[in-house]
Amino acid sequence: MRRTNWSARWSWAYGTDMRSRRIPNVLSLAIAILGLLRIMLVHDPVTAGHTLAAGAAIFTAAFLLFWYGAIGGGDAKLVAAAALLVGYHDLFGFLFLMSLCGGVLALASLAAERFDLSFRRWPRGPHVSSIDQSDRDRVASKGSTVPYGVAIATAGVITLIAGR
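Residues numbered from 1 in each chain as written. Predicted model: local features only at pLDDT ≥ 70, side-chain atom pairs only at ≥ 80, totals over all residues. Heavy atoms only, no water.

K.L.:
Looking at this model, I keep getting lost on the overall build of the protein chain. Mind explaining?
P.N.:
Within the protein chain one finds 7 helices and 0 strands. Within the protein chain, counting contacts between residues at least 6 apart in sequence, those at least 24 apart form 77% of the total. Counting only carbon and sulfur atoms, one obtains 68% of the accessible surface of the protein chain, whose full area is about 10,500 Å². (Helix = DSSP H or I, 4+ residues; strand = E, 2+ residues; numbered from the N terminus. Contact = heavy atoms within 4.5 Å. Areas by Shrake-Rupley, 256 points an atom, 1.4 Å probe, with all protein chains shown as cover.)

K.L.:
Sorry if this is basic, but what is going on with the packing of helix H4 (residues 73-86) against helix H7 (residues 148-162) here?
P.N.:
Axis separation between H4 and H7 bottoms out at 10 Å; the angle between their running directions is 5 degrees. By the criterion of interaxial angle, the relationship of H4 to H7 is roughly parallel. Where H4 approaches H7, its residues Asp75, Leu78, Val79, Ala82, Leu85 and Val86 are matched on the opposing element by Tyr148, Gly149, Ile152, Thr159 and Leu160. In the contact of H4 with H7, the residues fall into 8 nonpolar, 2 polar and 1 charged. (Axes fitted to C-alpha atoms, helices over the stretch in contact; angles between N-to-C directions. Parallel < 35°, antiparallel > 145°, perpendicular 65-115°, else oblique. Nonpolar A, V, L, I, M, F, W, Y, C, P; charged D, E, K, R; others polar.)

K.L.:
Can you help me understand helix H2 (residues 25-42) in this one?
P.N.:
Side chains of residues three or four places apart in an α-helix project in the same direction, reflecting 3.6 residues per turn. Between the first and last C-alpha of H2 there are 26 Å, a value that for 18 residues agrees with the 26 Å anticipated at 1.5 Å per step. Those residues of H2 not exposed but buried are Leu27, Ser28, Ile31, Ala32, Gly35 and Ile39. For H2, the angular spread of buried residues about the axis comes to 130 degrees, placing them on one side. Every exposed residue of H2 that faces more than 90 degrees away from the buried side is listed here: Asn25, Leu29, Met40 and Leu41. (Expected span 1.5 Å × (residues − 1). Buried < 20%, exposed > 50% of the residue type's maximum accessible area, 1.4 Å probe, protein only. Arc of directions from axis to C-beta.)

K.L.:
Can you walk me through a nonpolar patch on the surface in this structure?
P.N.:
A contiguous nonpolar surface patch, about 710 Å² in accessible area, is contributed by Phe59, Phe63, Leu64, Phe66, Trp67 and Tyr68. Secondary-structure assignment places Tyr68 in the loop between helix H3 (45-67) and H4. (Patch = residues over 30% accessible without salt bridge, like charges linked within 9 Å, V, L, I, M, F, W, Y side chains within 5 Å. Salt bridge = Lys/Arg side-chain N within 4 Å of Asp/Glu carboxyl O.)

So, in structure tokens, the structure goes:
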């Protein structure tokens, strides 16, 4: 039987969220389906009930955060799907690790933004950056957003690997 490469499945979240600050719905749906399949394969109705209740609670909390503009809609769907995949036993560890990864990512994003802003007065030629001006404007217009899908994916991979 072939082992599933969890890091390959989550790497899509890294790339899409870092580049465009968007997480495709198909990714969240695929992770949720994997979580539901995992629940069905366990054959424990109590564990299944607890995991589904925890997933619903996470989705509700994430939706409220999205509604108030604290996180993006893709992040809300991805964290709820990841909660189904991780299961309720490892949920608090996953959420703690996700917050740590998110904090590090936020600090790195702020530092990168500060570094980039400090060099804007210098002329940039084509040899300095491979990003054309339209891409630079699109990324700069996002403001101080953090690609939190990266933190969710990183915490999910670490939790699934460490949970074995």
